[in-house]
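# Summary of the model geometry
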Amino acid sequence: MTASPELGTSPSDLLRSVFRRHAAGVAVITARGARPAGFTATSLTSVAAEPPLVSFGVGTGSSSWPVLAEAGHVGVHILGEHQRELAATFARSGADRFAPPTRWHTGPEEVPLLEGVLAWMVCRVVARVPAGDHRLVLAEVVAGDPTGDGRPLLYHQGRFNGLRD
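Residues numbered from 1 in each chain as written. Predicted model: local features only at pLDDT ≥ 70, side-chain atom pairs only at ≥ 80, totals over all residues. Heavy atoms only, no water.

The tally for this structure, following the rule as stated, stands at four aromatic pairs. With a centroid separation of 6.0 Å and an interplanar angle of 55 degrees, the aromatic rings of F39 and F56 are classed as tilted. Within this pair, whereas F39 is found in strand β3 (residues 37-41), its partner F56 is found in strand β5 (residues 53-59), the two being separated by 17 residues in sequence. Ring centres 5.2 Å apart and planes at 55 degrees place the aromatic pair Y155 and F160 in the tilted group. Overall, the relative accessible area of 30% leaves Y155 in the partly exposed class. Each member of the aromatic cluster is reached from another via a ring pair, and the members are F90, F98 and W104. (Phe/Tyr/Trp six-rings, centres within 6.5 Å; stacked < 30°, edge-to-face > 60°. Helix = DSSP H or I, 4+ residues; strand = E, 2+ residues; numbered from the N terminus. Buried < 20%, exposed > 50% of the residue type's maximum accessible area, 1.4 Å probe, protein only.)

In structure tokens form, the structure reads like this:
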């Protein structure tokens, strides 16, 4: 199958165009390093219940990759619609993501945990699978809290949005 002329000739452009139409939940992944690292992810997926596994993609050119490449554990945070600015901060290149107004503390396995999120998990990294210019990280859930208040933040058409009924 070939790309439509309206979308350009590049399969990469086609992929981007199609996934701009795909609404995705917004998560922030954090890890401990010499300095805490973190990034906004829309690729978070529940992989298995036994053992409890999640996955997410991270670009090997990202500023967070050197810390994620070595981290034994990561924090996975599900953001609420009230956290658009937090999502934007962790998506912004060159930002000091853990400086105020970001609220966080050190959690289990010394993972940086963001405050005020809908839910969080600490996960043990079990694999980093090469996938083009990214790595697909598989991680096993070891701790967490699903009891935050609010509605989920979504990413759609290049913008952070709230869930509408």
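Having seen the structure, we can now continue with the description.
Grouped together as the largest cluster of nonpolar side chains are 18 residues, with contacts concentrated most on I29, A31, F39, F56, L68, V74 and C123. Contributions of two or more residues to this core are made by β2 (27-31), β3, β5, α2 (65-70), β6 (73-78), β9 (119-131) and β10 (134-145). Counting 15 residues, the second largest nonpolar core, distinct from the first, contains V28, F90, L113 and F160. (Core = buried A, V, L, I, M, F, W, Y, C linked by side-chain atoms within 4.5 Å.)

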